[in-house]
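# Structural overview
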Amino acid sequence: MRNRKKLTAVLLTAVMALSLAACGGGKEETTAPETKAAQESKAEEPAQTKAEEPAKTEAEEPSGAAAGGDVNGDGKIIVGYIAKNTVDAFHATLNKTAEEKLDALVSAGTIDEWKMLDGQSDPIIQCNLLEDALNMGCDLIVLLPAEAAGSAPILDRCNEEGIPCLVVNSMTDNTEELATAFVGSDDVQAGEMMAEFVQSAFPEGGKYAHVQGVIGNSAQIQRSEGIHNVLDADEGWEMMDEQSGEWQAEKAVRFAEDWLGRWGDELLAIICEDDGSSAAVQTTMNSKGRTDMVCIGVNGEAAALDMISKGEMQATIYQDGAGQVGKAVELIPDILAGKSVEKSYMIDFVLITKDNVDQYK
């Protein structure tokens, strides 16, 4: 029995040897197996050999987020545009400009397509939309942040994935560190300009109230800072109250009516951080006989400009939102080509009164 088992094993070994020889038929016998490095080199080598490709210098072949281009390697260049929202008048202007400029890049063949993503003024939604954009294969992100802290993870993720990110209009907490570039305006300047206009309207000082924007948004933070920079240092002025209207005209009007009821003619000014609020508050004050009150805001929206031209409102601070987003889109071809761009582009605010309003309508 033991001998029979040995014979069976010998026969099986012989059959296996013959089978291996048959599988190798037609191949030239190699003198030694290839090394692992040699095998990997063959696997990576395209049909056209490296020697046949034109030589590239280090400067001509950028890499990573700075290079931009087809980051995902899918043969397409896709831009994701994460809007702050698609409903308020100011951001509608920015989004329309973005649409025109990005469509032009598609027509020129600079990019293949772009995606409009509505952040609904919610940083959590914006962060989720960034993940959607990455899954869509976006190679570059344009972000209009909802909040300074809440929208900051978007830049962290872009940095992790090697995706360039252009931040427009307002800043996240990590914009200076991680954004490919920021295009906007100095919101501290806007706050200071509003406060200075109030001072000029009432040189002897008085009482004022302040309608803030969405708490935590960089524009809200910095515009508030500018207002306090000027009026806190002026002993003639006293702030009676400040509340967040969250960029909503209805909330601003409710605060304004309450303040008017509490302080009456002593209240000389209501400073808002957006024009939707300031125009609505001024309209309400005018209807109550307080046409003397200064209600001022930021953006230079159509309603405010129309009221200034009719003498129903004294001033607004114009923000060139279309210029901001337009400049950001202009940077995209250079970023995709791997060229360096400036880290920050600032566009000045402009005080609009009856003297220059026709230039901005």
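Please read these numbers as outputs of a predicted model, since none were measured by experiment.

### Quick look at the confidence of the model for the protein
Note: predicted coordinates in regions of low pLDDT should not be interpreted at a detailed level. Scored by pLDDT, the protein comes out at a mean of 86, with 81% of its residues at no less than 70. Long-range and interchain partners of residues 1–68, a stretch whose pLDDT sits below 50, account for 22 contacts in this model, where long-range means more than four residues apart.

### What about the side chain of Ser-277?
The topology assignment puts Ser-277 in helix H10 (residues 275–287). On the accessibility criterion, Ser-277 (0% relative accessible area) is buried. A polar atom in the side chain of Ser-277 sits 2.8 Å from the side chain of Asp-274. Filtering out sequence-adjacent residues up to four positions away, Ser-277 remains in contact with Trp-247, Gln-248, Ala-249, Ala-252 and Cys-272.

### Some thoughts on the packing of helix H9 (residues 249–263) against H10
Contact geometry for H9 and H10: axes closest at 8 Å, N-to-C directions at 40°. In terms of axis orientation, H9 runs oblique to H10. Between H9 and H10 lies a crossing whose hand is right-handed. Seen from H9, the contacting residues are Ala-249, Ala-252, Val-253, Ala-256, Glu-257 and Leu-260; seen from H10, they are Gly-276, Ser-277, Ala-280, Val-281, Thr-284 and Met-285. Its residues placed into classes, the contact of H9 with H10 shows eight nonpolar, three polar and one charged.

### Quick word on the sheet that holds strand S9 (residues 294–296)
The pairing of strands in a sheet happens through backbone hydrogen bonds and is either parallel or antiparallel. With respect to topology, four strands assemble into an open sheet ordered S7-S6-S8-S9, the strand pairing being parallel. If you trace the sheet from one side to the other, it starts and ends with strand S7 (237–244) and S9, each paired once. Across the sheet, the mean angle separating the axes of adjacent strands is 15° when strand polarity is ignored. Where strand S6 (residues 206–212) and strand S8 (residues 267–272) come together, five bridges link them in parallel fashion. If you follow Val-211 over to S8, its bridge partner there is Cys-272. Contacts between helix H7 (residues 187–201) and the sheet are confined to S7, S8 and S9, with S9 contributing the most and set at about 165° to the helix. Strand contacts of helix H8 (residues 218–231): S6, S7 and S8, with the helix running at about 170° to S6, the strand carrying the most contacts.

### Notes on H10
If you check H10, its first and last C-alpha atoms are 18 Å apart, about what 13 residues at 1.5 Å a residue would give, namely 18 Å. If you follow the buried residues of H10, they end up packed against H9, S8, S9, strand S10 (298–299), helix H11 (302–309) and strand S11 (316–318). One side-chain oxygen at the N-terminal end of H10 lies 3.3 Å from the backbone nitrogen of Gly-276; it belongs to Asp-274. In the segment just after H10, Gly-289 is the residue with positive phi, at about 85°.

Conventions used here
- Residues numbered from 1 in each chain as written.
- Predicted model: local features only at pLDDT ≥ 70, side-chain atom pairs only at ≥ 80, totals over all residues.
- Heavy atoms only, no water.
- pLDDT = per-residue confidence, 0-100.
- Contact = heavy atoms within 4.5 Å.
- Helix = DSSP H or I, 4+ residues; strand = E, 2+ residues; numbered from the N terminus.
- Buried < 20%, exposed > 50% of the residue type's maximum accessible area, 1.4 Å probe, protein only.
- Polar contact = N/O pair within 3.5 Å; in protein donor to acceptor, adjacent residues only side chain to side chain.
- Axes fitted to C-alpha atoms, helices over the stretch in contact; angles between N-to-C directions.
- Parallel < 35°, antiparallel > 145°, perpendicular 65-115°, else oblique.
- Left-handed = near helix turned anticlockwise from the far one by under 90°.
- Nonpolar A, V, L, I, M, F, W, Y, C, P; charged D, E, K, R; others polar.
- Pairing = 2+ DSSP bridges.
- Expected span 1.5 Å × (residues − 1).

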